[in-house]
Amino acid sequence: MRSNRVRTTALAATALLAALSLTACGSENGTSESAKAGSAAPAAHQAVKESRPPAATAAPEEKTTDTGGTSKDTAAPPARSDGKNTTDATKRTGSGSGTKPDHTPVTCDGGNTRTAVTTVSRPLNHLLLTLTNTGDRTCYAYYAPGLRFDDAQAAFPVLDDSKPQAVVTLDPGQSAYAGIGLTGEPGAGPSPREATRLQVHFSARSGEGSTGTPVSLTLPSDTYWDDNGFVTYWQTEMADALTY
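Since the structure is predicted, the reported quantities are computational estimates derived from the model, not experimental observations. (Residues numbered from 1 in each chain as written. Predicted model: local features only at pLDDT ≥ 70, side-chain atom pairs only at ≥ 80, totals over all residues. Heavy atoms only, no water.)

Peer 1: Sorry, what's going on with the sheet that holds strand β9 (residues 175-181) here?
Peer 2: Backbone hydrogen bonds are what pair the strands of a sheet, in a parallel or an antiparallel way. Pairing within the open sheet is antiparallel, and its 4 strands lie in the order β4-β5-β9-β12. The open sheet terminates on both sides in strands that have one partner only, identified here as β4 (113-119) and β12 (230-231). (Pairing = 2+ DSSP bridges. Helix = DSSP H or I, 4+ residues; strand = E, 2+ residues; numbered from the N terminus.)

Peer 1: Got a minute to help me understand the side chain of H201 in this structure?
Peer 2: Among the secondary structure elements, H201 is positioned in strand β10 (residues 193-203). One polar contact links H201 to Q199, side chain to side chain, over a distance of 3.5 Å. Residues contacting H201, with those up to four places away along its chain left out, are P145, G146, R148, S210 and P214. (Polar contact = N/O pair within 3.5 Å; in protein donor to acceptor, adjacent residues only side chain to side chain. Contact = heavy atoms within 4.5 Å.)

Peer 1: Mind showing me how you'd approach the sheet that holds strand β11 (residues 210-225) here?
Peer 2: Pairing within the open sheet is antiparallel, and its 3 strands lie in the order β7-β10-β11. Each having just a single partner strand, β7 (146-149) and β11 make up the two edges of the open sheet. Ignoring which end each strand starts from, the neighbouring axes of this sheet average 25° apart. Pairing of β7 with β10, which is carried by 4 bridges, proceeds in the antiparallel orientation. In the strand pairing of β10, G146 is matched with H201. (Axes fitted to C-alpha atoms, helices over the stretch in contact; angles between N-to-C directions.)

Peer 1: Help me understand unusual backbone geometry in this model?
Peer 2: Looking along the chain, the bond that leaves R122 and enters P123 is cis, with omega of -10°. On the secondary structure map, P123 appears in the loop between β4 and β5 (126-133). One non-glycine residue, Y143, lies in the positive phi region at around 55°. Tracing the chain through its elements places Y143 in the loop between β6 (139-141) and β7.

Peer 1: Would you take a moment to explain the pairing of β9 for this structure?
Peer 2: The side chains of a regular strand alternate between both faces of the sheet. For β9, the tally of buried residues reaches 6 of 7 residues, placing the bulk of the element in the interior. Across 7 bridges, β5 lies against β9 in antiparallel orientation. When the sheet's bridge partners are listed, L127 is paired in β9 with I180. Here β9 runs beside β12; their pairing, made up of 2 bridges, is antiparallel. Directly across from G181, in β12, lies its bridge partner F230. (Buried < 20%, exposed > 50% of the residue type's maximum accessible area, 1.4 Å probe, protein only.)

Peer 1: Explanation requested: the pairing of β11 in the structure shown.
Peer 2: As defined by bridge partners, β10 adjoins β11 across 9 bridges and the pair is classed as antiparallel. In the strand pairing of β11, R193 is matched with W225. Connecting the antiparallel pair β10 and β11 is a turn made up of 6 residues, with G207 showing a positive phi of about 85°.

See the structure below:
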């Protein structure tokens, strides 16, 4: 009886020791697996980090050039300081104004001509009136000049027989002429009187009245005139003006 009890006790002790041994082994294995799992986690995290592609960096800004290529230089070229930065439009138009000078002919008057009066040796008692175009456009010297000596009320008579076949045309720099016969036949009218100033008016194209700016000239000394004198039409030649 006792023998059976001891055997039973021994068997229980043996079973207890075996259970404890298994528990210890399980504990050791659990600890080892936990340690392995803990150490594997950082390694996997590191691997994930290393496997990620690097972040994309911003590419340098590019500028399309006139030739179709690219350039990394984005700064505009400096303006030239020599005043030669002209556009194609300016080069095509030259000055840029685009306005052409007006060469339309005009009427000769005191504003675009110079008028002079001089004495001549032949014919006697004559003066020569010279009209020179000083403008930049052609001008027409219509008909005859209108003359007044000093403060005379009436215009000096015009010699119709001196009318030219065509209107006198003066290009810039050219001159026209008119002859002035100061007196008529002796004893045919009032006595000649002295004058010091001569007013010159310019005929309008219509032939009625004057146009433009008149001029006032100083006459040569000892100039005498009467009502029977005359002035010719404008002539292109000096000799023609002094023919009468």
